[in-house]
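# Report on the structure
Okay, here's what each chain looks like letter by letter:
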Amino acid sequence: MVLIVDDIKANIIALKKTLELHNIDVDTAESGEEALKKILKINYCLIIMDVQMPGLDGFEVVKILSGNQRTKDIPVIFLSALNIEKKYIFKGYETGAVEYITKPVDTDLLILKVKTFLKIYEQQNELKGIKDLLSKEIKIRKEAQDNLEIKIAERTKELVLKNEELEMKNHELQQFSWVVSHDLNEPIRKIQIFIKIIKELYLADDAKAVDYVDRTIKSAERMQTLITDLLAYSRLSSQVKPEMTDLNVVLQEVLSDFDYLIERKNATVKTSELPTIDSIPSQLRQVFQNLIGNALKFSGNSENPLIEITSELISNKAFNSPVSPDGKFCRIIVKDNGIGFDEIYLDRIFIIFQSLNDRQSYEGTGIGLAIAKKIIEKHNGLITAKSQIGKGASFIIVLPLKYE
């Protein structure tokens, strides 16, 4: 809002109407004393002040405003028809005015100056607000900095204690897993042995009883597999030092383990040259076992299984990273032509105990891919899959050549 101060009412009315035509809010005062009272109560963006007034003249009013912390930054424009000599103009600027305009006034020029000072005032207020915010921020940061070293020391000590506690718990958990695995496996083995003895000695001629016994044996085998897989999953928490590993050797060992199943299913396995990387060989062997085992298991019945294992060096740790002969990462793809799956379930397949298929048709514990994901992540790598129902699946692995 603009305050017009003039002891002549006609001047006030004329100037007020001019400013209001340009959508500028206006307040008025007919003396220096009235102006001071209003200025102390209301925040004005600009004051247009007549110089010669009875009582307090314009110079005296501006001098008072300049000495007050709250009002010293309000811009003041002097308007005068009588005091037009240079000494008065100089005095106006010395008292703190931003402009001294003599009458008759060029209305267009006055409006332009008023709008300019209003804009400057708004910008100054914005800057003042920013300055206040920065001052508060600096104060907060200084206080935080003063306490930072103490907090870091306390936090470091707390983390060390938590880490020691976690290592102890982890060790206890591994010991517990070994004990539980042994204690659970032993009775299952005995169940299998005694059931087989009963089958061979007493049920050979009873086909229905043999069928029930065979189901019992298969259930026991599934339980045994589940315990073995859970034990393997729990072992992944232990710290093992990586070593230089030729993945070609690891892959051939896995394929050798699957010789019988590959031959029985009349499957074809195509492989390309794999890199040598820093890794834990036994764990990557487990990854290949799970992926190739799944490719054979979910091969379907329509055609002979085809499994392709390819590798290429890439420039960075990303599934879609470009190929680079000097890349520090490798991308390994295990592709099959099996039953596939709907990609909307992609997140589920890597979660422990999750299975997308009927376990009556496809045996499994739902742990294999969870183990594979945990192993790859432990090697600072990535794993995902692409698939369509009935068109096979491709599992994509990204691994660093050097373990960090």
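As the structure is a computational prediction, the values presented were derived from the model and not from experiment.

### Thoughts on the overall build of the chain
In terms of helices and strands, the chain carries 10 helices and 12 strands. Expressed as a percentage of its 404 residues, the buried residues of the chain come to 38%. In the chain, the share of contacts with a sequence separation of at least 24, taken over all contacts with a separation of at least 6, comes to 66%. For the chain, the computed accessible surface area is about 25100 Å², with 55% contributed by carbon and sulfur atoms.

### Here we look at the nonpolar core
Side chains of nonpolar character tend, in soluble globular proteins, to be buried together. Residues Ile 292 and Phe 395 are the most contacted members of the largest nonpolar core, which totals 39 residues. Elements with a contribution of two residues or more to this core: helix H7 (247–257), helix H9 (281–297), strand S9 (306–314), strand S10 (329–336), helix H10 (368–378), strand S11 (382–387) and strand S12 (393–400). Looking at this core element by element, the count peaks at seven residues for H9.

### A word on the packing of aromatic side chains
For any pair of aromatic rings, the description rests on two quantities: the centre-to-centre distance and the angle between the ring planes. Summed over the entire model, instances satisfying the criterion amount to three aromatic pairs. Seen in terms of ring centroids, Phe 59 and Phe 78 are 5.2 Å apart; in terms of plane orientation they differ by 80°. Their pairing is edge-to-face. With a gap of 19 residues between them, Phe 59 in helix H3 (residues 58–66) and Phe 78 in strand S4 (residues 76–80) connect regions that are remote in the sequence. Overall, Phe 59 belongs to the buried group, its relative accessible area being 5%. Through pairs of rings, three or more aromatic residues link up here, namely Phe 59, Phe 78 and Tyr 100.

### Section: a nonpolar patch on the surface
Taken together, the side chains of Ile 193, Phe 194, Ile 197, Ile 198, Leu 201 and Tyr 202 define a hydrophobic patch exposed on the protein surface, amounting to about 650 Å² of accessible area. Tracing the chain through its elements places Tyr 202 in helix H5 (residues 107–202). Relative accessible area serves as the criterion here: at 65%, Tyr 202 is assigned to the exposed category.

### Side note on the pairing of S9
Relative to S9, strand S7 (residues 268–271) runs parallel, the two sharing four bridges. In the sheet register, Thr 271 faces S9, and the bridge partner there is Ile 309. Two strands pair when backbone bridges link them, and S9 and S10 are joined in this way by eight bridges, in the antiparallel orientation. Residue Thr 310 lies in a different strand from S10, and its bridge partner there is Ile 333.

### Side note on the confidence of the model for the chain
Considering every residue of the chain, the mean pLDDT works out to 83; 88% of them sit at 70 or more. The spread of mean pLDDT over the elements of the chain runs between helix H6 (residues 207–235), the lowest at 74, and S10, the highest at 95. In the predicted structure, residues 358–362 sits below a pLDDT of 50 and forms nine contacts with residues beyond four places in sequence or in another chain.

### Quick notes on the sheet that holds S10
The mixed open sheet is built from five strands, whose spatial order is S7-S9-S10-S12-S11. Among the strands making up the open sheet, the edge pair consists of S7 and S11. Neighbour-to-neighbour, the strand axes of this sheet turn through a mean angle of 15°, independent of strand direction. Across the sheet, H7 is in contact with S7, S9 and S10; its angle to S7 comes to roughly 175°.

### Considerations on the packing of H7 against H9
The geometry of H7 relative to H9 is characterised by a closest axis approach of 9 Å and an angle of 50° between their N-to-C directions. Between H7 and H9, the interaxial angle falls into the category oblique. Relative to H9, the crossing made by H7 is right-handed. The residues of H9 that touch H7, namely those facing Leu 247, Val 250, Leu 251, Glu 253, Val 254, Leu 255 and Asp 257, are Pro 281, Leu 284, Arg 285, Phe 288, Gln 289 and Ile 292.

### Regarding unusual backbone geometry
For Asn 23, which is not glycine, the phi torsion reads 55° and is therefore positive. Turning to its location among the elements, Asn 23 is positioned in the loop between helix H1 (9–20) and strand S2 (26–29).

### Quick notes on the side chain of Thr 245
Within the secondary structure, Thr 245 is located in strand S6 (residues 243–246). From its side chain, Thr 245 meets the backbone oxygen of Glu 243 in a polar contact 2.9 Å long. Here Thr 245 is in contact with Val 250, Pro 275, Thr 276, Ile 277, Ser 279 and Pro 281, once residues within four sequence places are set aside.

### Comments concerning the pattern of salt bridges
Taken as a whole and judged by the stated rule, the model has 12 salt bridges. In this structure, Lys 373 and Glu 377 form a salt bridge, with 2.4 Å as the shortest nitrogen-oxygen distance. Of the two residues, Lys 373 and Glu 377 both sit in helix H10, four residues apart, roughly one turn of that helix. The exposure class assigned to Lys 373 is partly exposed, which follows from its relative accessible area of 26%. Look at the salt bridges and you will find they share partners, linking Asp 27, Glu 34 and Lys 38 into a network.

### Considerations on the pairing of strand S1 (residues 2–5)
Alternating positions in S1 separate into two faces, Val 2 and Ile 4 on one and Leu 3 and Val 5 on the other, with burial throughout. Alignment of S1 against S2, held across four bridges, turns out to be parallel. Looking at the pairing, Val 5 lines up with Ala 29 of S2. Tracing the backbone out of S1, into H1 and back to the parallel element S2 gives a crossover that is right-handed. Here S1 runs beside strand S3 (residues 46–50); their pairing, made up of four bridges, is parallel. Pairing of Val 2 across the sheet is with Leu 46, part of S3.

Parameters at a glance
- Residues numbered from 1 in each chain as written.
- Predicted model: local features only at pLDDT ≥ 70, side-chain atom pairs only at ≥ 80, totals over all residues.
- Heavy atoms only, no water.
- Helix = DSSP H or I, 4+ residues; strand = E, 2+ residues; numbered from the N terminus.
- Buried < 20%, exposed > 50% of the residue type's maximum accessible area, 1.4 Å probe, protein only.
- Contact = heavy atoms within 4.5 Å.
- Areas by Shrake-Rupley, 256 points an atom, 1.4 Å probe, with all protein chains shown as cover.
- Core = buried A, V, L, I, M, F, W, Y, C linked by side-chain atoms within 4.5 Å.
- Phe/Tyr/Trp six-rings, centres within 6.5 Å; stacked < 30°, edge-to-face > 60°.
- Patch = residues over 30% accessible without salt bridge, like charges linked within 9 Å, V, L, I, M, F, W, Y side chains within 5 Å.
- Salt bridge = Lys/Arg side-chain N within 4 Å of Asp/Glu carboxyl O.
- Pairing = 2+ DSSP bridges.
- pLDDT = per-residue confidence, 0-100.
- Axes fitted to C-alpha atoms, helices over the stretch in contact; angles between N-to-C directions.
- Parallel < 35°, antiparallel > 145°, perpendicular 65-115°, else oblique.
- Left-handed = near helix turned anticlockwise from the far one by under 90°.
- Polar contact = N/O pair within 3.5 Å; in protein donor to acceptor, adjacent residues only side chain to side chain.
- Right-handed = clockwise from strand over helix to strand, strands pointing away.

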